[in-house]
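Remarks on the overall topology
Spelled out, the chains give:
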Amino acid sequence: MGAETRRGRPNIIYILADDLGYANLGCYGQKRIKTPNLDRMAAEGIRFTQAYASATVCAPSRCGLMTGKHTGHATVRGNRWPELGLRKDELTVGQVLQQAGYRTALIGKWGLGGFDMDSHPNDKGFDVFFGYLNQVFAHNSFPEHIWDNKTELYLKENWFNGRKTFTNDLFSSRALDFIDKQDAAQPFFLYLAYTTPHANNERGQTDSNGMDSPDFGQYANEDWPDAEKAFAAIISRMDADIGKLFEKLRAKGMDENTLVFFSSDNGPHREGHHNPDFFDDNGPLRGIKRDLYEGGIRVSTIARWPGAIQPGQVSDFVWAGWDFLPTAAELSGARVPKGIDGVSIVPVLTGKGTPPKRDYLYWEFHERGFHQAIRQGDWKLVRQGPAFKSELFNLKDDIGESNDLAARHPDIVKKLEALLMSARTEHPGFPTNREVPSVPH
């Protein structure tokens, strides 16, 4: 691909944290965990205050991000064991960009199948894959092996509980190597999916600190529980590595023409002996991971692109993870796949053109019953266990979802309940009338 074809199409990097709370970054109000590089990224770009993950747990969130579909239409609608993969004919954002001439890489956590279901990242649009295929194995940040494309890379220094090599350090190093190998003639797409700050759930069953971290970093002398020191340390460690990524882009002369997103796959967890109240992970929001209240799905999201995004913006535009695919498709000049739910937010990023309009955002969740939520304008309807009654909130006036207005607005409840039915299709693997087998991810 020549430079003439390349002109105008940005490199695209999507950095995804794992179980990061809405208020875990300084630019979103965090007071104790230091995130100077992400705070600088927000100052140099757009900080979104109403951006949503595609789901409230890992697998369906990543499915929405990759395929442009919300959980009412997605192939993967929940965490499962064995894990589900994407359909063979189902396009991912990696394939869309690969077909548009981009060099593509996934570094980090995949969680959408592997060899046995034709859903390996190398077969779903990624020229380069380095990381975890399986989400349960990704709980351990000091594993005995990891995947390098389709080859197992043994980390012998971690054998017998050696705990020497922290995989998120490897992810950062591989990401820098990938960027270093790119040139101006061909655009690239890097999906950098950290496992920070997810807990090591299994370790937490026998250890008072279920948060994997090489050390406690700058928080070693704080009078905090070890799990909280580790939680803060890995967030600040990720932040420092993201700073190195921006330094690499500048050194390569790619900074102006590279769009970088940062977000999280869902809200904060209460796992590995981490208490989400300790750092006030969800800030003003109600709920955490596995909730369809705002704290489970509204996530800190930043976009930076010096060549096109005006710095210092704070946007209340409402969008979700499934909007990333059509956004990337428009930027690359690719055709948007049919049958997706997402819309391109390019006009919001660049300030040029008319921002997209949509009728609603929809989520469903299949653990311990069938939960649903829908947002239309400022109105949000939630049906969540254990009561599974319809609760209605006006998010403009009640971001913390503390005032249920269902009894006062039965007409709005009726309208949104009808949308809950029409927004989705049935899925044999995720029936609505019985418990769906799952494991903590």
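Report follows, based on the coordinates.

Let's shift gears to helix α2 (residues 36-43). Turning to α2, its buried residues number three or more, namely Asn37, Leu38, Met41 and Ala42. Down the axis of α2, the buried set is contained in an arc of 145°. They therefore lie on one face. On its buried side, α2 packs onto β2 (46-48), α6 (226-251), β9 (258-264) and β10 (301-304).

One can describe the packing of α2 onto α6 by two numbers: an axis separation of 7 Å at closest approach and a directional angle of 50°. One way to sum up the angle between α2 and α6 is to call them oblique. Packed against α2, whose contacting residues are Pro36, Asn37, Leu38 and Met41, the element α6 presents Asp239, Ala240, Ile242, Gly243 and Phe246 at the interface.

Enumeration over the complete set of coordinates arrives at 34 salt bridges. In this structure, the salt-bridge partner of Arg375 is Asp378, at a minimum N-O distance of 3.6 Å. Residues Glu426 and Arg424 are paired through a salt bridge, measuring 2.8 Å at the closest nitrogen-oxygen approach. Residues joined in a network through salt bridges with shared partners are Asp19, Glu271, Lys289, Arg290, Glu367 and Arg368.

Between helix α5 (residues 167-180) and α6, whose axes approach to 10 Å, the crossing angle comes to 10°. Relative to α6, the element α5 lies roughly parallel. Residue-level contacts link Asn168, Asp169, Ser172, Leu176, Ile179 and Asp180 of α5 to Arg237, Asp241, Lys244, Leu245, Lys248 and Leu249 of α6. Tallied by class, the residues present in the contact of α5 with α6 amount to four nonpolar, two polar and six charged.

Turning our attention to the environment of Gln218. As for its position among the elements, Gln218 is in the loop between β8 (188-193) and α6. Considering only alpha carbons, one finds Gln218 and Ser390, 172 residues apart in sequence, at a separation of 45 Å. When residues no more than four places from it in sequence are discounted, the contact partners of Gln218 are Lys34 and Ser236.

Of all seven residues making up strand β1 (residues 11-17), seven are buried, and the element is well covered by its neighbours. Burial along β1 is two-sided: Asn11, Ile13, Ile15 and Ala17 and Ile12, Tyr14 and Leu16, pointing in opposite directions, are all buried. Two elements, β1 and β9, share seven bridges in a ladder whose sense is parallel. Of the residues in β9, the one forming a bridge with Ile15 is Phe262. Taken together, the five bridges between β1 and β8 define a ladder with parallel strand orientation. Looking at β8, one finds that Ile13 is bridged to Leu190.

What follows covers the sheet that holds strand β16 (residues 390-394). Taken together, four strands build an open sheet; the order of strands is β13-β14-β15-β16 and the sheet is antiparallel. Looking along the sheet, the strands with just one partner apiece sit at the ends: β13 (361-365) and β16. Taken over all neighbouring pairs, the strand axes of this sheet differ in orientation by 15° on average, direction set aside.

What tends to happen in soluble globular proteins is that the nonpolar side chains get buried as a cluster. Among the nonpolar cores identified, the biggest contains 52 residues, and Ile13, Ile15, Leu190, Leu192, Leu245, Leu249 and Phe262 are the most heavily contacted of them. Contributing elements (two or more residues each) for this core: β1, α2, β4 (103-109), β5 (128-132), α5, β8, α6 and β9. Looking at which element gives the most residues to this core, the answer is α6, with twelve residues. Apart from residues no more than four positions distant in its own chain, Leu192 is found in contact with Tyr14, Ile15, Leu16, Ile107, Phe171, Ala175 and Leu245. Within the second largest apolar cluster, 46 residues are counted, among which are Val76, Ala100, Leu112 and Ile340.

Looking now at the packing of aromatic side chains. This model, assessed by the stated rule, comprises 24 aromatic pairs. Both rings, one in Tyr132 and one in Phe171, keep their centres 5.9 Å apart while their planes meet at 80°; by these two values the pair is edge-to-face. Of this pair, Tyr132 sits in strand β5 while Phe171 sits in helix α5, placing them 39 residues apart in sequence. Seen in terms of ring centroids, Phe231 and Phe279 are 5.9 Å apart; in terms of plane orientation they differ by 15°. Their pairing is stacked. Remark: Phe279 occurs in the loop between β9 and α7 (294-297) and Phe231 occurs in helix α6; sequence separation between them is 48 residues. Each member of the pair, Phe231 as well as Phe279, carries the same accessibility label: buried. Members of the aromatic cluster, connected to one another through ring pairs, are Tyr14, Phe48, Trp110, Phe126, Phe189, Tyr191, Phe261, Trp319 and Phe324. Here the basic side chain of Arg32 rests over the ring of Phe278, its NZ or CZ set 4.5 Å away from the ring centre. Directly above the ring of Phe430 sits Arg80, whose terminal nitrogen or CZ lies 5.3 Å from the centroid.

Criteria and cut-off values
- Residues numbered from 1 in each chain as written.
- Predicted model: local features only at pLDDT ≥ 70, side-chain atom pairs only at ≥ 80, totals over all residues.
- Heavy atoms only, no water.
- Buried < 20%, exposed > 50% of the residue type's maximum accessible area, 1.4 Å probe, protein only.
- Helix = DSSP H or I, 4+ residues; strand = E, 2+ residues; numbered from the N terminus.
- Arc of directions from axis to C-beta.
- Contact = heavy atoms within 4.5 Å.
- Axes fitted to C-alpha atoms, helices over the stretch in contact; angles between N-to-C directions.
- Parallel < 35°, antiparallel > 145°, perpendicular 65-115°, else oblique.
- Salt bridge = Lys/Arg side-chain N within 4 Å of Asp/Glu carboxyl O.
- Nonpolar A, V, L, I, M, F, W, Y, C, P; charged D, E, K, R; others polar.
- Pairing = 2+ DSSP bridges.
- Core = buried A, V, L, I, M, F, W, Y, C linked by side-chain atoms within 4.5 Å.
- Phe/Tyr/Trp six-rings, centres within 6.5 Å; stacked < 30°, edge-to-face > 60°.
- Lys NZ or Arg CZ within 6 Å of the ring centre and 35° of its normal.

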